Amino acid sequence: GKFLRKNNIDELPQLINILRGDMSFVGPRCHPIGMLAAGQLYENLVPSYHARHKTVPGLTGLAQLNGYRGPTTNKERAIKRIAFDRLYLRKQSFTLDLKIIALTAFKEMSGGTGC
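Residues numbered from 1 in each chain as written. Predicted model: local features only at pLDDT ≥ 70, side-chain atom pairs only at ≥ 80, totals over all residues. Heavy atoms only, no water.

Student: Give a detailed account of a positive patch on the surface, specifying residues and quantitative values.
Tutor: Together, Lys54, Arg86, Arg90 and Lys91 give the surface a local cluster of positive charge. Along the chain, the position of Arg90 falls in helix 5 (residues 75-91). (Patch = residues over 30% accessible without salt bridge, like charges linked within 9 Å, V, L, I, M, F, W, Y side chains within 5 Å. Areas by Shrake-Rupley, 256 points an atom, 1.4 Å probe, with all protein chains shown as cover. Salt bridge = Lys/Arg side-chain N within 4 Å of Asp/Glu carboxyl O. Lys, Arg positive; Asp, Glu negative; His and termini not counted. Charge placed at Lys NZ, Arg CZ, Asp CG, Glu CD. Helix = DSSP H or I, 4+ residues; strand = E, 2+ residues; numbered from the N terminus.)

Structure below.
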């Protein structure tokens, strides 16, 4: 499991969700209901949290590309993650999606921290 997670192979089953139309390649990462950030519900920590649900969740996005991936035990990181999700929603375009996909692939192939 550790190898799969380290190399992001654990993300491959999400391709089925993309093919079914439940997910997109690019967009805010999906969060389970009741997700905590720094020990608080995201919606209590970030008043605009639910705005990120106006689009289909994605495999990668601006937040992940900018290093806001994984557990959020720090309030500031949680707030910035949602800020990047909201920025994506405001700027969403085919060109931006292509750029995010290309940069994600580059980061992955160059041994980056992953998305």
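Having seen the model, we can carry on.
Student: Tell me about the environment of Pro57, and please be specific about residues and values.
Tutor: Relative to the elements of secondary structure, Pro57 occurs in the loop between helix 3 (42-45) and strand 4 (58-60). The class for Pro57 is partly exposed, based on a relative accessible area of 23%. C-alpha separation for the pair Pro57 and Met23, spaced 34 residues apart in sequence, amounts to 5.2 Å. Apart from the residues within four sequence positions on either side, Pro57 is in contact with Asp22, Met23, Ser24, Pro28, Arg29 and Cys30. (Buried < 20%, exposed > 50% of the residue type's maximum accessible area, 1.4 Å probe, protein only. Contact = heavy atoms within 4.5 Å.)

Student: Provide a residue-level description of helix 5, including the pertinent values.
Tutor: Taking 1.5 Å per residue as the helical rise, helix 5 with its 17 residues ought to reach 24 Å, and the 24 Å between its terminal C-alpha atoms agrees with that figure. Buried residues of helix 5: Ala78, Arg81, Ile82, Asp85 and Tyr88, and no others. The buried residues of helix 5 all sit within an arc of 110° when viewed along its axis, so they share a single face. Counted as exposed and oriented over 90 degrees from the buried face of helix 5: Glu76, Arg90 and Lys91. The inward-facing, buried residues of helix 5 abut strand 1 (24-26), strand 2 (36-37), helix 3, helix 4 (62-65) and helix 6 (94-109). Of the residues that open helix 5, the one with a side-chain oxygen 2.8 Å from the backbone nitrogen of Glu76 is Asn74. (Expected span 1.5 Å × (residues − 1). Arc of directions from axis to C-beta. Polar contact = N/O pair within 3.5 Å; in protein donor to acceptor, adjacent residues only side chain to side chain.)

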